[in-house]
Amino acid sequence: MFVGWAHVDPWKGKLAVKELRRAIKELGLRGVGEFHPIMQAFAPSDRRFDELWETCVELNIAVSFHTGTTGVGANMPGGAGFSIYHSHPMHLDDLAMRYPTLTIIGCHPSFPWQDDMLAIAVHKKNVLIELSGWSPRRFSPSLVAHINGALADKALFGTDYPWLRPKLWLDAFEKLEIREEVRQKILRGNAERWLGLR
């Protein structure tokens, strides 16, 4: 099953809000994202974008953000002008505090701030983690312990295709030492519950 999500440019202000409303109400899309704060050069916690997040709350949709570093601009002078700080998960912590009914998804294991992302997801009821972008064979012991424990109901499957193909991710995930009931939640159950797909 495929569920479509909208994507808007947060810098377009009221035009972004208008397009988001159209995408959800007329096109039937179910969420918005994945915002890429590094590539889009914005901090999600910046109050200039509050109208967009308030609209997400009003529409009762989840929003997802790239977290952690990126390969874009890597090993180039000045990182080719991209600031990886924009994708620090602490921006999501501030957003989650201000919008407690907004479902926020932090995409990828958030390297090099993985422990920060895990702490935020444990602390904020409305923050989830999504596991794309890294092969499960590279998951840290801390990440595995959290998805096997406190975040068993808040972790979502993802691959980051085409950079990581689904079969490779799923084959590695099959070998991960997690409880079977948690495995099923990550692959389907959590998304159904949090995104209202049942």
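Since the model is a prediction, treat every value here as computed from it, not as a measurement.

Trainee: How should I be thinking about the packing of aromatic side chains in this particular structure?
Mentor: Two aromatic rings, taken as a pair, are described by how far apart their centres are and by the angle between their planes. The final tally for this structure, using the stated rule, is 9 aromatic pairs. Between F42 and F49, the ring centres sit 5.1 Å apart and the planes meet at 70°, which makes this aromatic pair edge-to-face. Residue classification places F42 among the buried residues on the basis of a relative accessible area of 1%. The interplanar angle of 70° and the centroid separation of 5.3 Å between the aromatic rings of W53 and F65 together place this pair among those described as edge-to-face. One end of the pair, W53, is in helix 3 (residues 50–59); the other, F65, is in strand 2 (residues 62–66), and 12 residues separate them in sequence. Among the aromatic residues, those joined into a ring-pair cluster are W11, F35, F42, F49, W53 and F65. Sitting over the face of the ring of F173, R183 holds its NZ or CZ atom 5.2 Å from the ring centroid.

Trainee: How should I be thinking about the side chain of E130 in this particular structure?
Mentor: As for its placement among the helices and strands, E130 is situated in strand 4 (residues 127–130). No salt bridge is formed by the buried E130; its nearest oppositely charged neighbour, K154, is found at 15 Å. In contact with E130, other than residues within four places in its own chain, are I105, G106, C107, H108, P109, L156, F157 and G158.

Trainee: Which parts of the structure should I look at to understand a nonpolar patch on the surface?
Mentor: On the surface, F157, L170 and L187 cluster together into a nonpolar patch covering about 210 Å² of accessible area. Structurally, the position occupied by L170 is in helix 7 (residues 166–174). Judged by its relative accessible area of 35%, L170 is partly exposed.

Trainee: It is not clear to me how the sheet that holds strand 5 (residues 155–156) should be interpreted in this structure. Could you clarify?
Mentor: Backbone-to-backbone hydrogen bonds join strands into a sheet, with any given pair of strands oriented parallel or antiparallel. Reading across the sheet, the 5 strands line up as 1-2-3-4-5 and stay open at both edges, with parallel pairing between neighbours. Two strands close off the open sheet at either side, each with one partner strand: strand 1 (31–35) and strand 5. As defined by bridge partners, strand 4 adjoins strand 5 across 2 bridges and the pair is classed as parallel. What sits directly across from E130, in strand 5, is L156.

Trainee: Is there a simple way to think about helix 1 (residues 14–25) in this case?
Mentor: Structurally, the α-helix is built with 3.6 residues per turn, so residues lying three or four positions apart point the same way. Here helix 1 contains 12 residues, and its C-alpha end-to-end distance of 16 Å stays within 8% of the 16 Å for a straight helix at 1.5 Å per residue. On its buried side, helix 1 packs onto strand 1 and helix 3.

Trainee: I would appreciate a short explanation of the state of the cysteines in the present structure.
Mentor: Note: disulfide means a covalent bond formed between the sulfur atoms of two cysteine side chains. Following the criterion strictly, the structure yields 0 disulfides and no others. Counting only cysteine sulfurs, C107 is the nearest neighbor of C56, a cysteine outside any disulfide, at a range of 14 Å.

Trainee: Looking at this structure, how should I read the pattern of salt bridges?
Mentor: Once their charged atoms are close, side chains differing in charge can pair, the charge on each being opposite to the other. Counting across every chain of the model gives 13 salt bridges. Here R21 ties to E58 by a salt bridge, and the two come within 2.6 Å at their closest N and O atoms. Here the residue R21 occupies a position in helix 1, and E58 occupies one in helix 3, the gap between them amounting to 37 residues. Assessed through its relative accessible area of 27%, R21 is described here as partly exposed. The salt bridge involving D50 is made with R47; its shortest N-O contact spans 3.8 Å. Salt bridges sharing common partners tie together R47, D50, D94 and R98.

What counts, and at which threshold
Residues numbered from 1 in each chain as written. Predicted model: local features only at pLDDT ≥ 70, side-chain atom pairs only at ≥ 80, totals over all residues. Heavy atoms only, no water. Phe/Tyr/Trp six-rings, centres within 6.5 Å; stacked < 30°, edge-to-face > 60°. Buried < 20%, exposed > 50% of the residue type's maximum accessible area, 1.4 Å probe, protein only. Helix = DSSP H or I, 4+ residues; strand = E, 2+ residues; numbered from the N terminus. Lys NZ or Arg CZ within 6 Å of the ring centre and 35° of its normal. Lys, Arg positive; Asp, Glu negative; His and termini not counted. Salt bridge = Lys/Arg side-chain N within 4 Å of Asp/Glu carboxyl O. Contact = heavy atoms within 4.5 Å. Patch = residues over 30% accessible without salt bridge, like charges linked within 9 Å, V, L, I, M, F, W, Y side chains within 5 Å. Areas by Shrake-Rupley, 256 points an atom, 1.4 Å probe, with all protein chains shown as cover. Pairing = 2+ DSSP bridges. Expected span 1.5 Å × (residues − 1). Disulfide = S-S within 2.5 Å.

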